[in-house]
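A closer look at the structure
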Amino acid sequence: MATQKKRPRRSSSSSAGANARRPGGQGAPGGAQRGEAGQGARPSSGGGPRRLGGQVPAASRPAPRSGAQRRNARRRRTNSNVIGWVSVAVVLAVVAVLVVVKLTGSSGGGSSAGTGGDPSGRNPVAASPAIVNLVTTVPAAVYDSVGTASQPNPFTVTKGQSALTSGGKVRFVYYGGEFCPYCALMRWSLVAALSRFGTFHGLKETASAGTDGDIPTFSFHGSTYTSKYLVFSPYEASDRNQTAFEPVPTSVDNLYEKYDGSLTSATPAPPFNPGPSPGIPFLDIGNKYVSSGDPVELGYIYYDTATSTNGPLFGGGPGRLAIARAIHDPSSAVGKAISANLFIAQANYITAAICAADGGQPASVCSTPGVTAAAKVIAASKAVS
Amino acid sequence: MWPRRTDTRYATARTAAATARRRDRGDDEWEVGRQPTAWRPILTTVASLVGLGISIYLTVEHFRGVAPICSTTGIVDCLKVTTSPESRVFGIPVAVLGLAYFLPMLVLSLPLAWRSANVLVAPARLALSVVGIGFVFYLVYSELFTIHAICLWCTGVHVLTFIIFVAVVTGWEQATTPRREALEAV
């Protein structure tokens, strides 16, 4: 093989000038000359015989083509090249159009709301079943291992209040707004905790306002919740643009003004909300446990006031599926990065408060170590009236 | 005395001889000024290898539930992209689809495959590259308009897919030459 390779190289140089000067090639047999050319001119690619893997013997190579054949070959190659490069140009043009539309379009803004193209969030799209499933099936071992995560009791414990019930069940009122970042955080814990007592249907997905962290979350708008133990009454008073959204009954407004603060001013409602101001999300579990405004333990996830830096979910964080996964497994890398154990701790507190309000049902939930740990902290809090 | 191989006269003469012989047999690819396109097999093989490596990395990170090494803030946010609902197509993680693309593409991009006279190889490579670029459209659109974030690893894969696409669609003539030659020989 080595000698075969070497010989054509030498002969090619000797015959090169002649052949180059005689385009007709003196009718030289294609096989021999192609072998020379292929190995001499293009040793790396192996030339004709090697390209065919030895399937076509050199002696059977096609004879030199006629002028018509050459023209056809040239036309074919030209057409093929044109089609190929036009395809490339089309691909580049499509990508360029996408980029230009993105850069110049008004639908950008970096929102991760997932509100179905509705920036106001008034028509949120259905939540991904995978995401709902992750949050509603957090293993009991996770709740138990996290416990309270050394976080303080988020509830004010009341005494001497008329029980807030509906149909003989404890009534749980949630009063929030879709723009509100703390509400966005709270909904993750609410969905997780309430799923231990009942079932959500038709949960949607949304995010807090783009100017308020754009935090991915669930939307209760249009959802239903069924439980043997309690009635859940969520109200989103404002949409993502802070314009009026869901109508709030006067009775719920009254609860807000009694336990949270004024709806029209910045006056809080001590002693239930000692201040400095009223705020959402407002939680009322049977008028026995109330919570006002940003939960301290979750607020850091949105914005860390201690360091004046954005929290891990600011701007959408790792995305809603990753958040759901992190809540399902707070010990994961993402879970640690976004402090997902705080969502679990908050869920344990909510669960413990519901358990305390509904007589400790179901026992399979209320007697678990994570819930009892939270219940102990709540029980140690001073009740106010 | 023969000129040495490094001698430019040798190279010029050799090229001229090759050109003349190719012209003799009517193969326009070897006309003056045209060189054989050995870069396509090399480029597509390297691109497929790199793409396969990235796909393996993203697949492993996906199933480990770990964020890829990448920025997670601002418009460049790999985690946001790789954990978005759009990161699955028909329930299959896109990273796995990347594997399913680059593995066969690597095989089809090997120099041996480019030289193959098998009637299925070139069309399969072309079809796979078109499917690949179609997915790039979908993923770029999703990143820009649905997820609102860009993943640098994904963008790398998109660029590699585009490179393969360019090499394949503009090399169709070269890819089908062995087959045509074999047919003509028969």
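Read on for an overview of the structure.

Here we take up the pairing of strand E6 (residues 204–207) of chain A. Residues and elements named next belong to chain A. On E6, burial covers both faces: Lys204 and Thr206 on one face and Glu205 and Ala207 on the other are all buried. As paired strands, E6 and strand E7 (residues 216–219) are joined by four bridges and run antiparallel to one another. Its bridge partner being in E7, Thr206 is matched across the sheet by Thr217.

This part is about the environment of Tyr57 of chain B. Residue and element names in this part refer to chain B. Mapping Tyr57 onto the fold places it in helix H2 (residues 39–64). Each C-alpha atom of the pair Tyr57 and Ala95 lies 8.6 Å from the other, and the pair is 38 residues apart in sequence. Those residues in contact with Tyr57 that lie beyond four places of it in its chain are Pro68, Ile69 and Trp153.

All names here are of chain A. Sheet architecture is open: three strands sit in the order E1-E6-E7, paired in antiparallel fashion. Only two strands of the sheet have a single neighbouring strand rather than two, namely strand E1 (125–126) and E7. Bridge count between E1 and E6: two bridges; the pairing is antiparallel. Within E6, the position partnered with Val125 by the bridge is Glu205.

Attention now goes to helix H6 (residues 121–147) of chain B. One turn of the α-helix equals 3.6 residues, which is why residues spaced by three or four share an orientation. For H6 of chain B, built from 27 residues, the straight-helix expectation of 39 Å at 1.5 Å per residue is met to within 8% by its first-to-last C-alpha distance of 36 Å. Looking one or two residues beyond H6 of chain B, the residue adopting positive phi is His148 of chain B, at roughly 60°.

With that out of the way, let us pick up a nonpolar patch on the surface. Together, Val82, Val86, Val90 and Val94 of chain A make up an exposed nonpolar region whose accessible area comes to about 290 Å². Residue classification places Val90 of chain A among the partly exposed residues on the basis of a relative accessible area of 46%.

Let us look at the side chain of Thr59 of chain B. All names here are of chain B. Relative to the assigned elements, Thr59 resides in helix H2. Polar side-chain contacts of Thr59 include one of 2.7 Å to the backbone oxygen of Ser55. What Thr59 contacts, discounting residues up to four positions off in sequence, is Ala95, Val96 and Leu99.

Now for the pattern of salt bridges. Residue and element names in this part refer to chain A. One pass over the full model with this rule turns up four salt bridges over all chains. Put simply, Asp239 and Arg122 hold a salt bridge, and the shortest N to O gap is 2.7 Å. A residue pair is termed long-range when its members are at least 10 positions apart, and Asp239 in the loop between strand E9 (230–238) and helix H8 (250–259) and Arg122 in the loop between helix H4 (67–104) and E1 qualify at 117 residues. Assessed through its relative accessible area of 1%, Asp239 is described here as buried. With a shortest N-O distance of 2.9 Å, Glu236 and Arg187 are connected by a salt bridge. Highlighted residues: Glu236 in strand E9 and Arg187 in helix H7 (residues 181–194), separated in sequence by 49 residues. For Glu236, a relative accessible area of 0% translates into the label buried. With relative accessibility at 0%, the residue Arg187 sits in the buried group.

Residue and element names in this part refer to chain A. Considering all chains together, one arrives at 16 aromatic pairs over all chains under this definition. Measuring from ring centre to ring centre gives 5.5 Å for Tyr174 and Phe220, while their planes differ by 75°; the resulting arrangement is edge-to-face. Of the two residues, Tyr174 sits in strand E4 (residues 169–177) while Phe220 sits in the loop between E7 and strand E8 (224–227), which places them 46 residues apart along the sequence. The exposure class assigned to Phe220 is buried, which follows from its relative accessible area of 3%.

What follows covers H7 of chain A. Over its 14 residues, H7 of chain A extends 20 Å from the first C-alpha to the last, a length consistent with the 20 Å expected when each residue adds 1.5 Å. Taken across its 14 residues, H7 of chain A has 14 buried, putting it largely inside the fold.

Now for the packing of H2 of chain B against helix H7 (residues 152–169) of chain B. Residue and element names in this part refer to chain B. As a packed pair, H2 and H7 sit with axes 9 Å apart at the nearest point and diverge in direction by 155°. Classified by the interaxial angle, the pair formed by H2 and H7 is roughly antiparallel. For H2 against H7, the interelement crossing comes out left-handed. Of the residues in H7, those in contact with Trp39, Arg40, Leu43, Thr44, Ala47, Ser48, Val50, Gly51, Ile54, Tyr57 and Leu58 of H2 are Trp153, Val157, Leu160, Ile163, Ile164, Val166, Ala167 and Val168. Split by residue class, the contact of H2 with H7 holds 15 nonpolar, three polar and one charged.

Reading the values: rules and limits
- Residues numbered from 1 in each chain as written.
- Chains lettered and ligands numbered in written order.
- Predicted model: local features only at pLDDT ≥ 70, side-chain atom pairs only at ≥ 80, totals over all residues.
- Heavy atoms only, no water.
- Buried < 20%, exposed > 50% of the residue type's maximum accessible area, 1.4 Å probe, protein only.
- Helix = DSSP H or I, 4+ residues; strand = E, 2+ residues; numbered from the N terminus.
- Pairing = 2+ DSSP bridges.
- Contact = heavy atoms within 4.5 Å.
- Expected span 1.5 Å × (residues − 1).
- Patch = residues over 30% accessible without salt bridge, like charges linked within 9 Å, V, L, I, M, F, W, Y side chains within 5 Å.
- Areas by Shrake-Rupley, 256 points an atom, 1.4 Å probe, with all protein chains shown as cover.
- Salt bridge = Lys/Arg side-chain N within 4 Å of Asp/Glu carboxyl O.
- Polar contact = N/O pair within 3.5 Å; in protein donor to acceptor, adjacent residues only side chain to side chain.
- Phe/Tyr/Trp six-rings, centres within 6.5 Å; stacked < 30°, edge-to-face > 60°.
- Axes fitted to C-alpha atoms, helices over the stretch in contact; angles between N-to-C directions.
- Parallel < 35°, antiparallel > 145°, perpendicular 65-115°, else oblique.
- Left-handed = near helix turned anticlockwise from the far one by under 90°.
- Nonpolar A, V, L, I, M, F, W, Y, C, P; charged D, E, K, R; others polar.

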